[in-house]
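Given next are the chains, with one letter for each unit.
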Amino acid sequence: MLENSASTESSWWSVPGRFLRREFLPVLTDLRLAIALLLIIALFSVSGTVIEQGQSPAYYQSNYPEHPALFGFLSWKVIQVVGLDHVYRTWWFLGLLILFGTSLTACTFTRQLPALKAAQRWKYYDEPKQFQKLALSAELDTGSLNSLTSILQKQRYKIFQEKDDLVYARKGIVGRIGPIIVHVGIVTILLGGIWGAMTGFLAQEMVASGNTFQVKNIIDAGPLATAQIPKDWSVRVNRFWIDYTPTGGIDQFYSDMSVLNNEGQEVDHKKIYVNEPLRYHGVTFYQTDWGLSAVRVRVNKSPIFQLPMAQLDTKGRGRIWGTWIPTKPDLSEGVSLLAKDLQGMVLIYDATGKLVDTVRTGMSTQVNGVTLKVLDVIGSTGLQIKADPGIPIVYTGFALLMAGVVMSYFSHSQIWALQKGDRLYIGGKTNRAQVAFEREILDLLNNLASKPKGVEV
């Protein structure tokens, strides 16, 4: 009774196994499925490049309105519902990566590895009729196996010989390993992408020159990104400045930055600019934007005041920052200061909106019966801060992929030979570069004998 029960239980568990092997596995390893998944992944990767990632809802509402929707369907609601504002961290995109990686892995174990093992298995041909099955074969009435092996050795073949009448030679077995390395490289890239999506983060900071900050303004992060966000060190923007062209345009903007430990000691230092970031402990600081943060002024002989400046809404007609400066202690009167860059030009307007004066930093002017001196306009640097622990894995995957592609170009060529009396039978086959292999065999035959009796191609 117990034996029957065990047999029934074994049969029960074997049913899913048979289903997986006969039904699911052939579909999973189908080349058409892999190509379809690759195209879908590429399509959504492109969408993640075209559609700005990690922006605020207001940004998408402004740039992707419902009426009219882009292409007739792409609106801010579609973007946020589907997750196109953070494509690379959506569950369905990660699911596509996992399914594609699983397909490649299954194909490697069910097709590529068996093909490699089959290529490593061989046997001698000890009957002339066996050579007729080969793509290229010949029968010679001159030549010897010793001469043949000497020629094959010069052509970098690995030779196996039994007794004095049987020879097998091969080269290019690395070509059979190449596709496996390609699959390993692609799977490694997918794993790196998944790990980066799960553990990486993206942040933005606007920091005034002279200020110290820690990364706080996280705009996009994976569920395991907490460990990557720096907590035991901070960054100080020592100075921010802009180089201008002779015509007044921006040539380049720079940030001189120091990394500080918890004791305030500098542990790293770098001047960054566009395409030259600061990297520290896996976190990268990119120079991406700039602004005006404050203005330093003195009214008559008062202490120096540093007043914050706010960016004004110009309806898309350029960038300008402004602030209000009181000229009476009771704040009953004041003037507005406007500036558009760090070149030192400041516009002063009275309460009625009339332009009173235009001054440069370091200059003074008379307004509302007081002397107003504009000492300095302080800039702020816009930083994009990114951590992606998956990048080293992705780079490793690309290296494996390139190596595998190069290895795959090697042809796996095999040659058999049989000495039977005064007859020498030679034949071979290859998995690629058939024409080049035929020339190689013909050169081999010409070296063995001036006139081979017969050649079949």
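Up top you'll find the structure we're talking about.
Residues numbered from 1 in each chain as written. Predicted model: local features only at pLDDT ≥ 70, side-chain atom pairs only at ≥ 80, totals over all residues. Heavy atoms only, no water.

> Help me understand the overall build of the protein in this model?
When helices and strands are counted, the protein shows nine helices and 22 strands. Taking 2.2 N^0.38 as the reference for a compact globule, 457 residues should give roughly 23 Å; the C-alpha atoms of the protein span a radius of gyration of 37 Å, well beyond that estimate. C-alpha atoms of the protein, sized along the principal axes, occupy 125 × 75 × 55 Å. When the 457 residues of the protein are sorted by exposure, 40% land in the buried category. Excluding contacts between residues fewer than 6 apart, the proportion of contacts in the protein whose partners are at least 24 apart in sequence is 58%. For the protein, the computed accessible surface area is about 26000 Å², with 57% contributed by carbon and sulfur atoms. Of the charged side chains in the protein, 45 are positive and 38 negative, and the gap between their average positions amounts to 3 Å. (Helix = DSSP H or I, 4+ residues; strand = E, 2+ residues; numbered from the N terminus. Rg over C-alpha atoms; globule rule 2.2 N^0.38 Å. Buried < 20%, exposed > 50% of the residue type's maximum accessible area, 1.4 Å probe, protein only. Contact = heavy atoms within 4.5 Å. Areas by Shrake-Rupley, 256 points an atom, 1.4 Å probe, with all protein chains shown as cover. Lys, Arg positive; Asp, Glu negative; His and termini not counted. Charge placed at Lys NZ, Arg CZ, Asp CG, Glu CD.)

> Before we go on, may I ask you to explain the pairing of strand 11 (residues 283–299) in this structure?
Consecutive side chains of a regular strand alternate in pointing toward one face of the sheet and then the other. Burial analysis of strand 11 places twelve of its 17 residues in the buried class, which makes it a mostly covered element. Direction of pairing for strand 10 (residues 278–280) relative to strand 11: antiparallel, over a ladder of three bridges. Paired with R279 across the two strands is T284, which belongs to strand 11. Between strand 10 and strand 11, which pair antiparallel one after the other, the connecting turn spans two residues, and H281 there sits at a positive phi close to 50°. With 15 bridges joining them, strand 11 and strand 19 (residues 370–387) adopt antiparallel strand pairing. Bridging from a neighbouring strand, F285 pairs with I385 of strand 19. Examined bridge by bridge, strand 11 and strand 12 (residues 305–308) share four bridges and lie antiparallel to one another. Its bridge partner lying in strand 12, R296 is registered against Q306. The hairpin turn running from strand 11 into strand 12, its antiparallel successor, is five residues long, and N300 in that turn takes a positive phi close to 55°. (Pairing = 2+ DSSP bridges.)

> I keep staring at a nonpolar patch on the surface and nothing clicks. Help me out?
Taken together, the side chains of L191, W195, L224 and I393 present a nonpolar region at the surface, about 380 Å² in accessible area. Among the secondary structure elements, L224 is positioned in the loop between strand 6 (218–221) and strand 7 (233–244). Given the relative accessible area of 47%, L224 is considered partly exposed. (Patch = residues over 30% accessible without salt bridge, like charges linked within 9 Å, V, L, I, M, F, W, Y side chains within 5 Å. Salt bridge = Lys/Arg side-chain N within 4 Å of Asp/Glu carboxyl O.)

> I keep staring at the layout of surface pockets and nothing clicks. Help me out?
In this approach the atoms are scanned with a rolling probe the size of a water molecule, which exposes any empty space left behind. Taken as a whole, the largest pocket holds about 1100 Å³ of empty space. What lines the largest pocket is a set of 45 residues, among which S45, Y88, F93, L97 and G193 lie closest to the centre. For the lining of the largest pocket, the secondary-structure elements that each account for two or more residues are helix 2 (31–50), helix 5 (91–120), helix 7 (174–199), strand 4 (201–208), strand 19 and helix 8 (391–408). In terms of residue count, the dominant contributor to the lining of the largest pocket is helix 7 (ten residues). Of the residues belonging to the lining of the largest pocket, the class tally is 27 nonpolar, twelve polar and six charged. (1 Å grid on protein atoms, 1.4 Å probe; cavity = no way out; pocket = protein on both sides within 12 Å on 5 of 7 lines; lining within 4 Å. Points joined across faces, edges and corners; volume = space filled by probe spheres on them. Nonpolar A, V, L, I, M, F, W, Y, C, P; charged D, E, K, R; others polar.)

> Explain the side chain of D85 to me, please; I cannot follow it from the model alone.
By the element assignment, D85 lies in the loop between helix 4 (76–82) and helix 5. At 2.8 Å, the side chain of D85 and the side chain of H86 are in polar contact. The contact partners of D85, leaving out residues within four places of it in the chain, are E52, Q53, G54, Y60, I79 and Q80. (Polar contact = N/O pair within 3.5 Å; in protein donor to acceptor, adjacent residues only side chain to side chain.)

> For this particular structure, what's the right way to read the sheet that holds strand 17 (residues 355–360)?
What links the strands of a sheet is backbone hydrogen bonding, and the strands pair in either a parallel or an antiparallel sense. Within the open sheet, the five strands sit side by side as 13-14-15-16-17. Their pairing is antiparallel. Only two strands of the sheet have a single neighbouring strand rather than two, namely strand 13 (310–311) and strand 17. Bridging between strand 15 (residues 334–339) and strand 16 (residues 345–349) involves three bridges; their strand directions are antiparallel. Its bridge partner lying in strand 16, S336 is registered against Y349.

> I tried to follow helix 8 on my own but got confused; where do I start?
Counted at 1.5 Å a residue, the expected span for helix 8 with its 18 residues is 26 Å, and the 25 Å between its end C-alpha atoms agrees. Along helix 8, the residues that are buried comprise V394, G397, L401, G404, M407 and S408. Taken around the axis of helix 8, the buried residues stretch over an arc of 145°, which confines them to a single face. Exposed and oriented more than 90 degrees from the buried face of helix 8 are P392, Y395, M402 and V406. Those residues of helix 8 hidden inside the fold are in contact with helix 7. (Expected span 1.5 Å × (residues − 1). Arc of directions from axis to C-beta.)

> What is the right way to look at the packing of aromatic side chains in this model?
One pair of aromatic rings is described through two measures. These are the centre distance and the angle between the planes. The final tally for this structure, using the stated rule, is 20 aromatic pairs. Considering the side-chain rings of W122 and Y168, the 4.7 Å spacing of their centres and the 10° angle between planes classify their relative orientation as stacked. Pair noted here: W122 is in the loop between helix 5 and strand 1 (136–140) and Y168 is in strand 3 (residues 166–171), with a separation of 46 residues, a long-range link. According to the relative accessible area criterion, Y168 is buried, its value standing at 0%. Taking the centre distance of 5.9 Å and the plane angle of 35° together, the rings of F160 and Y168 count as tilted. An aromatic cluster of at least three residues, connected via ring pairs, comprises W122, Y124, Y125, F131, F160, Y168, W416 and Y425. The lysine or arginine in question, R239, covers the ring of W241, its NZ or CZ lying 4.3 Å from the ring centre. One cation-aromatic arrangement involves R319 over W290; the distance from NZ or CZ to the ring centre is 5.0 Å. (Phe/Tyr/Trp six-rings, centres within 6.5 Å; stacked < 30°, edge-to-face > 60°. Lys NZ or Arg CZ within 6 Å of the ring centre and 35° of its normal.)

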